[in-house]
Amino acid sequence: MKSNPAIQAAIDLSAGAAGGTACVLTGQPFDTMKVKMQTFPHLYRSLVNCCLKTYQQVGFRGFYKGTSPALIANIAENSVLFMCYGFCQQIVRKVVGLEKNTKLSDLQNAAAGSFASAFAALVLCPTELVKCRLQTMYEMQASGKIIEGQNTVWSVVKSIMSKDGPLGFYHGLSSTLLREVPGYFFFFGGYELSRSFFASGRSKEELGPIPLMLSGGVGGSCLWLAVYPVDCIKSRIQVLSMSGKQAGFMGTFASVVKNEEELTTSTSTKHYPHHWWDREEKSYLQHGGCKCQPSLSIFPP
């Protein structure tokens, strides 16, 4: 029976929204740690260290900072992504000269997913900007670069609007596109290849929930392995632009490549006393995270 395109789009939209909600509810604390460690590598030596410090600084609620925009971001991204995925599959069919109902190869499905992700990035960027800023608000406030009280979604939105206008919500759009477009090529490629593997000659539509969940896990792993460095640059651009004009993607990327090893070495605390680390952390924050602080020495005093 031929499915109605509007009904299929509604199903894809609903499925994407449900998936996005589940993703946020289970993964928000891990996402918060990720953004903090990406943006302030000097302050957090490991996941455990970041968790402990976050709990000490702002309590358990600190793990769920930015949950509201994260929920909106994931629902919007997944809804648009999966709704556009079906349309993009039709575009791929036309480009390669296939009939309307012809099944695409795994590579062709990956291309369709990559194309669809460009549309998803347009709704994802503004909400991720607010989310990332809320997640790192403690560190930015401690640096003295932003005013106290920017700790709600509305206060962050007002700050962006007053400072940069509507276009301010698209800080980091280029890095978001550079993450999403290739990332979802690998996601849908890994997902479809895994489905083909589990199907073993049968129709993919006959697969049960467990193979589908495992296929999604493989797809997600492929995505993050491919684009994690780009995500790191995106986080820094979106967070650090709070305190003023931030270098673009290439400038931030070049800075990380040039300085990160030096920064990691200069702030290592493996054999240093706890009081020295606290003093160095305070100095780092007060200077806005600049790599060239006189107090950041490889040797403790």
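Here, every reference points to the structure presented above.
Keep in mind that this is a model prediction, so the values were computed, not measured.

Rules behind the numbers
Residues numbered from 1 in each chain as written. Predicted model: local features only at pLDDT ≥ 70, side-chain atom pairs only at ≥ 80, totals over all residues. Heavy atoms only, no water. Helix = DSSP H or I, 4+ residues; strand = E, 2+ residues; numbered from the N terminus. Buried < 20%, exposed > 50% of the residue type's maximum accessible area, 1.4 Å probe, protein only. Contact = heavy atoms within 4.5 Å. Patch = residues over 30% accessible without salt bridge, like charges linked within 9 Å, V, L, I, M, F, W, Y side chains within 5 Å. Areas by Shrake-Rupley, 256 points an atom, 1.4 Å probe, with all protein chains shown as cover. Salt bridge = Lys/Arg side-chain N within 4 Å of Asp/Glu carboxyl O. Phe/Tyr/Trp six-rings, centres within 6.5 Å; stacked < 30°, edge-to-face > 60°. Core = buried A, V, L, I, M, F, W, Y, C linked by side-chain atoms within 4.5 Å. Domains from an automatic or database assignment. Expected span 1.5 Å × (residues − 1). Arc of directions from axis to C-beta.

Draft legend 1. Here's a closer look at the overall build of the protein. From N to C terminus, the protein includes ten helices and zero strands. Secondary structure of the protein in N-to-C order comes out as α-α-α-α-α-α-α-α-α-α. Of all 301 residues assigned to the protein, the portion counted as buried reaches 45%. Taking the contacts inside the protein whose residues are at least 6 apart along the sequence as the reference set, 72% of them involve residues at least 24 apart.

Draft legend 2. The arrangement of a nonpolar patch on the surface in detail. Judged by side-chain polarity, Ile91, Val95, Val96, Leu98, Phe115 and Phe119 come together as a nonpolar surface patch covering roughly 500 Å² of accessible area. Ranked by the residues each element gives to the nonpolar patch, the list is headed by helix 3 (residues 67-96), at three residues. With respect to the helices and strands, Ile91 occurs in helix 3. For Ile91, a relative accessible area of 39% corresponds to the partly exposed category.

Draft legend 3. View of the pattern of salt bridges. One pass over the structure, following the stated rule, counts 13 salt bridges. The shortest N-O distance in the salt bridge between Lys131 and Asp31 comes to 2.6 Å. With Lys131 in helix 4 (residues 106-135) and Asp31 in helix 1 (residues 5-39), this residue pair connects regions lying 100 residues apart in the sequence. Taking the shortest distance from any N to any O, the salt bridge between Glu128 and Lys234 comes out at 2.7 Å. One end of the pair, Glu128, is in helix 4; the other, Lys234, is in helix 8 (residues 209-240), and 106 residues separate them in sequence.

Draft legend 4. Layout of the packing of aromatic side chains. Evaluated as defined, the whole model comprises twelve aromatic pairs. Measuring from centroid to centroid gives 5.6 Å for Tyr184 and Phe187, while their planes differ by 70°, and the two rings are edge-to-face. Of this pair, Tyr184 and Phe187 both sit in helix 7 (residues 173-199), three residues apart, which is roughly one turn of the helix. Looking at Tyr184, the relative accessible area reads 10%, which means it is buried.

Draft legend 5. Expanded view of the nonpolar core. One finds Phe40, Val130, Met140, Val156, Ile160, Val239 and Met242 to be the most contacted residues of the largest nonpolar core, which totals 20 residues. Listed by contribution, the elements that provide at least two residues to this core are helix 1, helix 4, helix 5 (137-142) and helix 6 (153-164). Ranked by residues supplied to this core, first place goes to helix 4 with four residues. Residue contributions to this core reach at least three from each of two domains, namely domain 1 (10-65) and domain 2 (66-250). Sequence-distant contacts of Met140, that is, excluding residues within four places in its chain, are made with Phe40, Lys145, Ile146, Val239, Leu240, Met242 and Ser243. Leu81, Leu104, Phe187 and Phe188 belong to the second largest nonpolar core, which has 15 residues in total.

Draft legend 6. Just the environment of Trp154, in detail. The residue Trp154 is located in helix 6 in this model. Residues Trp154 and Val130, spaced 24 residues apart in sequence, show a C-alpha to C-alpha distance of 9.4 Å.

Draft legend 7. Here's a closer look at helix 2 (residues 47-58). Between its terminal C-alpha atoms helix 2 stretches 16 Å, which fits the 16 Å expected from twelve residues at 1.5 Å a residue. Within helix 2, the full set of buried residues consists of Asn49, Cys50, Lys53, Thr54 and Val58. Taken around the axis of helix 2, the buried residues stretch over an arc of 130°, which confines them to a single face. Away from its buried face, by an angle of more than 90 degrees, helix 2 presents the exposed residues Val48, Leu52, Tyr55 and Gln56. Among the residues trailing helix 2, Gly59 stands out with phi positive, at a value near 80°.

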